[in-house]
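Observations on the model geometry
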Amino acid sequence: MELSTDARTLLGHVAKAGQPVAMSDFFHTIHPPAFDRSAPDDDPARESWTQLQLGLYRASIDLHEEGLVHVVHPATGERPDLVVVTDAGRATLV
């Protein structure tokens, strides 16, 4: 399977964690905010960053649908799903 850059980067972060993690914990690491916190919602930099964040959500769904990560602790309403990389996910990273 051909992974997007975001999906590959996200998968790599999950693999390095070595324990169940929320994929969303890495979103700001992968694409940190590049705008002032006081920027209005329609600021072009904020809008661009929002699109990058949405792309990471899509990448996390793709990783799950492709069987490259496995949910070991489903979301509780207080925290998101916690996942680990599968053997297929590790093979994809090689």
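A brief report on the enclosed structure follows. (Residues numbered from 1 in each chain as written. Predicted model: local features only at pLDDT ≥ 70, side-chain atom pairs only at ≥ 80, totals over all residues. Heavy atoms only, no water.)

Membership of the largest hydrophobic core comes to 18 residues, with the highest contact counts inside it found for Leu10, Leu11, Val14, Met23 and Leu63. Counting only elements with at least two residues in this core, the list comes to helix H1 (5-17), helix H2 (27-30), helix H3 (44-65) and strand S2 (82-85). When residues of this core are assigned to their parent elements, the largest contribution, five residues, is made by H1. With sequence-adjacent residues up to four places away left out, Met23 is seen in contact with Leu10, Val14, Ser60, Leu63, Val69 and Val83. (Core = buried A, V, L, I, M, F, W, Y, C linked by side-chain atoms within 4.5 Å. Buried < 20%, exposed > 50% of the residue type's maximum accessible area, 1.4 Å probe, protein only. Helix = DSSP H or I, 4+ residues; strand = E, 2+ residues; numbered from the N terminus. Contact = heavy atoms within 4.5 Å.)

Attention now goes to H1. Because an α-helix completes one turn every 3.6 residues, residues spaced three or four positions apart along the sequence face the same direction. With 13 residues, H1 ought to run about 18 Å at 1.5 Å a step, and its terminal C-alpha atoms sit 19 Å apart, in line with that. Within H1 the residues assigned to the buried category are Asp6, Ala7, Leu10, Leu11, Gly12, Val14 and Ala15. Here the buried face of H1 lies against H2, H3, strand S1 (69-73), S2 and helix H4 (87-93). Downstream of H1 by a residue or two, Gly18 has a phi angle that is positive, lying close to 75 degrees. (Expected span 1.5 Å × (residues − 1).)

It is worth spelling out the packing of aromatic side chains at this point. Counted according to the given criterion, the structure contains two aromatic pairs. Between the aromatic rings of Phe27 and Tyr57, the centroid separation amounts to 4.7 Å while the plane-to-plane angle is 85 degrees, which identifies the pairing as edge-to-face. Note that Phe27 is positioned in helix H2 and Tyr57 in helix H3, a separation of 30 residues in sequence. With relative accessibility at 45%, the residue Tyr57 sits in the partly exposed group. Centroid distance Phe35 to Trp49: 5.4 Å. Interplanar angle 65 degrees. Geometry classified as edge-to-face. (Phe/Tyr/Trp six-rings, centres within 6.5 Å; stacked < 30°, edge-to-face > 60°.)

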